Amino acid sequence: MARKKIIAGNWKMNMTPSEAVALVETLKPLVQNEDVDVVFGVPAIDIVPVVEACKGTNIAVAAENMYFEESGAYTGEISPKMLVDAGVKYVILGHSERRDYFKETDADVNKKVLKAIEHGITPIMCCGESLEQREQGITMDFIRQQVKIGLQNVTADQAKKMVIAYEPIWAIGTGKTATSEQAEEVCKGIRQCIAEIYDDATAAEIRIQYGGSVNAGNAAELFAMEDIDGGLVGGASLKPDFGKIVCYNK
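Residues numbered from 1 in each chain as written. Predicted model: local features only at pLDDT ≥ 70, side-chain atom pairs only at ≥ 80, totals over all residues. Heavy atoms only, no water.

As annotated in an unreviewed UniProt entry, the chain carries the name Triosephosphate isomerase and is attributed to Candidatus Lachnoclostridium stercorigallinarum. Listed under Subcellular location (unreviewed entry) in UniProt, the entry text for the chain is "Cytoplasm". According to its UniProt record, the chain has this under Catalytic activity (unreviewed entry): "D-glyceraldehyde 3-phosphate = dihydroxyacetone phosphate". (UniProt positions renumbered as here; feature names shortened; annotations may be inferred.)

So, in C-alpha cells, the structure goes:
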C-alpha cells in the first residue's frame, strides 16, 4: 500500500486571526488535491478562526506546540484537551526552533508525543541536524537519538499513525535546500531506525516528511523520492505558491 503524501504548512509566528482567515480563503481553492493530506499549522490564537474557515474543505488544522499536562498552573501553555475541543487534528512537536530557542529536550518531546497520542491528536515529530553536526559526520547518530527518545513508550500501532518531519536546521529559512539525494538518505535512515525500534511493517507505514526551504520549484523532485512522504513547509506556506507545492503532481 502506497503511503499517502502529507503536506503541512508551518506558519510559525505569523498571521493575526483576521490575516489567517484571509489567507485560508486565498489558499482554499489552490490546495485541492485528493492525493495529498493537507495541513495548516497555525499559531494558537489563530486555531479557532482557522478551524472554522476550513470547515467543509480538505484542510486539517495543526497546532504548533502543546503542553504535556492535562490542565493546571502552567501559565501560557495549551493543553491537548483544548486543542481537541477546538478541532485540531495534528500537532507539530519538537521543531528545531522550539528545541533551540525554548530549550525543549528529546525527553520533553517524548512526553508531548505520548500525551498527543492519548488524546487522538496526530503528532508531527520533528528532527534534524545543524550544519556543524553534518560537517562532523554525525547527522544520523544525532537524528537516531532524537527519534529513539521521541518514540519511547510509543507502541508500533501508535507509531504507524504518526508523522516524522526531517528538517536539516541548516536548510530552514536559509534558501539552502538539502539535495533530493541528501534528504532521501536521511529519511531512509529514519525509516531504518523505525524498523529497528519496531519492525519493517511499522517502518513501511509511518510517513516521513522533508522540511527545509521546500518550494514550488523543488517539491516534485523531493516528493518523488522513495522515503519522502511529503513536506513540512515554512515560509512558502504563507503564499499562494503553497498551492503549487500541494499540487506538485498535477
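Now that the structure has been shown, the text picks up again.
Undergrad: Quick one: what's the story with the UniProt feature "binding site: substrate" (unreviewed entry) in the chain, residue by residue and with numbers?
TA: Under the UniProt annotation, the feature "binding site: substrate" (unreviewed entry) is placed at N10, W11, K12, G173, S213, G234 and G235. In three dimensions, the annotated residues from a span of 226 residues occupy one location, with a maximal C-alpha spread of 13.9 Å. Looking at the secondary structure, you find S213 in the loop between β7 (207–211) and α11 (219–223). We classify S213 as buried; its relative accessible area is 19%. The contacts of S213, once residues within four sequence positions are left out, are A171, G173, T174, G175, K176, T177 and N218. In this structure the side chain of S213 is engaged in a polar contact, spanning 2.7 Å, whose partner is the backbone oxygen of A171. Take G235: it is sitting in the loop between β8 (230–233) and α12 (242–246). Classification of G235 as partly exposed rests on a relative accessible area of 44%. (Helix = DSSP H or I, 4+ residues; strand = E, 2+ residues; numbered from the N terminus. Buried < 20%, exposed > 50% of the residue type's maximum accessible area, 1.4 Å probe, protein only. Contact = heavy atoms within 4.5 Å. Polar contact = N/O pair within 3.5 Å; in protein donor to acceptor, adjacent residues only side chain to side chain.)

Undergrad: Describe the nonpolar core, listing the residues and the values that go with them.
TA: F40 and I190 are the most contacted members of the largest nonpolar core, which has 65 residues in total. When residues of this core are assigned to their parent elements, the largest contribution, 6 residues, is made by helix α9 (residues 180–197). Dropping the residues within four chain positions of it, F40 is found in contact with G9, W11, V24, L27, V31, C54, I59, A60, V61, A62 and F242. One finds V39, I92, C126 and L232 within the second-largest nonpolar core, a separate group that totals 12 residues. (Core = buried A, V, L, I, M, F, W, Y, C linked by side-chain atoms within 4.5 Å.)

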